[in-house]
Amino acid sequence: MNAINVIARSTISEAMRKKILNAFLMVGFAMIVLTFAFQQFSARQELTLVKGMGLGIISLAGIFITVILSINLIPQEIERRTIYTILAKPVRRYEFLLGKYFGALGTIALNIGLMGIAFVIALAVKQIGNPAAVNPLLMLKGVLMIYMQLVLLCSLAIFFSCFLSPLVNFFLTLALFMIGNLSSFTQDLAKTGGNALVKGFFTVVHYLVPNFGNFQFTNPLLQPDVQVKSEAAFLTQNCIYAVVYASVLLILSVLIFDRREV
Amino acid sequence: MDSAAAIDIKNLTKQYPVPLKREVVNAVDNLTLTVDQGEIFGFLGANGAGKTTTIKILLGLIYPTEGDASVLGKPAGDNEIKHKISYLPESPYFYEHLTAPEIVTFYAQLFGMSTSDARKKADELVDFVGLGGKNDRNKRVAEFSKGMRQRVGIAQSLINDPTILFYDEPTSGLDAIARRDIRDLMLELKRRGKTMFLSSHQLEDVEMVCHRVSIIHKGKLQVMGSVDELLAGERVEITATGSAAAKALADKVPGTVEAADRAVSIVPAEEVGNVLAVIQGAGGTVVSVIPKRRSLEDLFVEIVGERIDASTGSVSATVTTEDGPANLKRVSANKYKEMMDKE
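Got a sec to walk through the sheet that holds strand E13 (residues 262-268) of chain B? Specific residues and values, please.
Residues and elements named next belong to chain B. A sheet is described by the order of its strands in space; here 4 strands give the open sequence E12-E13-E11-E14, paired in antiparallel fashion. Sheet topology places strand E12 (256-259) and strand E14 (285-292) at the edges, where each strand pairs with a single neighbour. Mean inter-strand twist for the sheet, computed between neighbouring axes without regard to direction, equals 15 degrees. Along the sheet face, helix H10 (residues 272-281) touches strand E11 (235-241), E13 and E14 and points at about 5 degrees away from the line of E11.

Go over helix H2 (residues 100-110) of chain B with me, naming the residues and quoting the values.
The element H2 of chain B is largely enclosed, with a buried count of 10 among its 11 residues. Restricting attention to buried positions, one finds in H2 of chain B the residues Ala 100, Pro 101, Ile 103, Val 104, Thr 105, Phe 106, Tyr 107, Ala 108, Gln 109 and Leu 110 of chain B. Tucked into the core, H2 of chain B has its buried residues touching helix H1 (2-15) and helix H4 (82-87) of chain A together with helix H3 (115-128), helix H4 (134-138) and helix H5 (146-157) of chain B. Positive backbone phi, approximately 90 degrees, marks Gly 112 of chain B, located one or two places after H2 of chain B.

Hey, could you go over the sheet that holds strand E5 (residues 74-75) of chain B for me, with residue numbers and the actual values?
Residues and elements named next belong to chain B. Judged by pairing direction, the sheet is antiparallel, and its 4 strands sit side by side in the order E2-E1-E4-E5 without closing on themselves. For this open sheet the edge positions go to strand E2 (24-36) and E5, each flanked by a neighbour on one side alone. Two elements, strand E1 (residues 5-17) and E2, share 9 bridges in a ladder whose sense is antiparallel. Pairing of Lys 14 across the sheet is with Val 28, part of E2.

Explain the packing of helix H8 (residues 183-192) of chain A against helix H9 (residues 196-208) of chain A residue by residue, including any values.
Residue and element names in this part refer to chain A. Between H8 and H9, whose axes approach to 7 Å, the crossing angle comes to 150 degrees. When the interaxial angle is binned, H8 and H9 end up roughly antiparallel. Classified by chirality, the crossing of H9 by H8 is left-handed. In this structure, H8 contributes Ser 183, Thr 186, Gln 187, Leu 189 and Ala 190 to the contact, and H9 contributes Lys 199, Phe 202, Thr 203, Val 205 and His 206. Its residues assigned to classes, the contact of H8 with H9 comprises 4 nonpolar, 5 polar and 1 charged.

Tell me about the interface of chain A and chain B, and please be specific about residues and values.
Accessible area lost upon the coming together of the parts serves often as the stated size of an interface. Between chain A and chain B, the residue contacts involve 20 residues of the former and 21 residues of the latter. Among the elements of the structure, H1 and H4 of chain A are those that each provide at least two residues to the side of chain A that touches chain B.

Report on the nonpolar core, specifying residues and quantitative values.
Residues Val 104, Phe 166, Phe 197 and Leu 198 of chain B are the most contacted members of the largest nonpolar core, which totals 135 residues. Among the elements that line this core, the one with the most residues is helix H6 (residues 139-161) of chain A, at 16 residues. Non-local contacts of Phe 166 of chain B, meaning those with residues more than four positions away in its chain, are made with Ile 55, Leu 58, Leu 59, Ile 85, Tyr 87 and Phe 197 of chain B.

Which residues make up the environment of Ile 279 of chain B, and what values go with them?
All names here are of chain B. Of note, Ile 279 is situated in helix H10. Under the C-beta neighbour-count criterion, Ile 279 is labelled buried, with 25 such atoms within 10 Å. In sequence terms Ile 279 and Phe 41 are 238 residues apart; their C-alpha atoms lie 41 Å from each other. Dropping the residues within four chain positions of it, Ile 279 is found in contact with Ala 240, Ala 245, Leu 249, Gly 284 and Val 286.

Before we move on, can you summarise the confidence of the model for chain B with the specific residues and values?
Residue and element names in this part refer to chain B. On average, chain B scores 85 in pLDDT, and the residues at 70 or more come to 87%. The element-level mean pLDDT for chain B is lowest in strand E15 (residues 315-321), coming to 36, with H2 highest at 97. This model gives residues 309-337 a pLDDT under 50, and the stretch forms 48 contacts once residues within four places in sequence are excluded.

Thresholds applied
Residues numbered from 1 in each chain as written. Chains lettered and ligands numbered in written order. Predicted model: local features only at pLDDT ≥ 70, side-chain atom pairs only at ≥ 80, totals over all residues. Pairing = 2+ DSSP bridges. Helix = DSSP H or I, 4+ residues; strand = E, 2+ residues; numbered from the N terminus. Axes fitted to C-alpha atoms, helices over the stretch in contact; angles between N-to-C directions. Contact = placed C-beta atoms within 7 Å. Buried ≥ 20, exposed ≤ 12 C-beta atoms within 10 Å, placed from the backbone. Parallel < 35°, antiparallel > 145°, perpendicular 65-115°, else oblique. Left-handed = near helix turned anticlockwise from the far one by under 90°. Nonpolar A, V, L, I, M, F, W, Y, C, P; charged D, E, K, R; others polar. Core = buried A, V, L, I, M, F, W, Y, C linked by C-beta atoms within 7 Å. pLDDT = per-residue confidence, 0-100.

Structure below.
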């Protein structure tokens, strides 16, 4: 556990210095601040827009930060040869991999957390004197769902990084993220697709690709009239889904990385 | 398995597939050797000979295709053994955003040290390798010269007071002062009774530091023995002038360097008579006959050169002389044997 912790902390400290990730973070902040520019709508419409845009920006910046960070974590260590001196120490390969993974999750949490705080503050300021004001802290549920989605995305990218080049990994991970967001669509095709082959294909796609669409929690936060039956159960179920799926991907990653020559 | 051996390699083979072909290349080919505890073992070979591949197998970074490798009686790569060994890779790379004490602290923590103990150890080692000055301590690795990186590499390799050190080209690419410092450090480690598996191109350093030496070529072990054993046998350098004599020497005596109407042959003492006969027979003039102590470099060139001769026929290189570029030729060992057999 000690090695995982040391490697995770080192990964966070290195990642927080990466210019490209900081650029996404800064763009995220700038876009959240830009939401102040909406003046021409009614108070309620304006709040809906600010909330929707804020969560959307956090999600988009988070996706890019996660993918760019995760696809490079392992290949960069091999390419720079920093992995040699680390694995020559009493560090097991699974400890190295998990250290990098938890380091990535910590970095993502920091980025998402900072943008989330900026968003909540921006929203609180925007709501001053607005009759349709809601508790801005409720938005953190949306931020939590975005984070859990990114936890899953990160494990997917790390899994592919054990045997694919960063470029291929980038496109594959993003493609699977998009397909996973269309899970209801793939489910329909699995049921109503033309022939058995098409049905079979979409059934496999539907069950194999992580269901990223599950984590959409923006609507209940934006529309007071849209209610989730049991919000606590919905949030818990999604968190468990993300953790279980990510664990399976990490176990597979460990098995592959254990035999990989570095 | 010999329990006294620090490193035991038996019939080790590592093959890599050739891209787009149904062939494999042997990076290490049926290698067998043993390194005793407390021994400084020189592992020599030209670029691509299989030195780094062997070290990586011993550290568990890559896996052998066939054969066994063990370190301190445990299979190579065993996590328990990693507490007792250390590794300095060729041109070590570290996290660029960290300073030397931060890097050593990071590696010390990987051994399970608490942060305060790790920092204390890092301070000691950074001082030990000569990076303890205020300026050096606060510099990030990104600003370090190659020599400074190498010193950090040595510092990280000493954290656990290792029983066995694997040093891969520790003095490669360093200036004379840094090289001397690192050689002195290796001599100090030798004095302390450490076991070292030293891969190097700097043959003088190996000759000075190592108890035993092995030379590998194309993954195969060529020779192995103590430095004294391998360098035994007097050598004589004979210089002759006259174009016919130079040509005759180049054709008949292996190890001859020929340029214009001059040739220099380095031969075993018992061959001197034959060489002088060749020069006289071709009407040349003997300029000098100088006894020469054989160096590890001579042995290395002899062995690696012979292997090249066996596969290509001869070795040639262009060098610049006072008269401009000249082609130097060395006849192959096989050709020499054939000619001597005929005579």
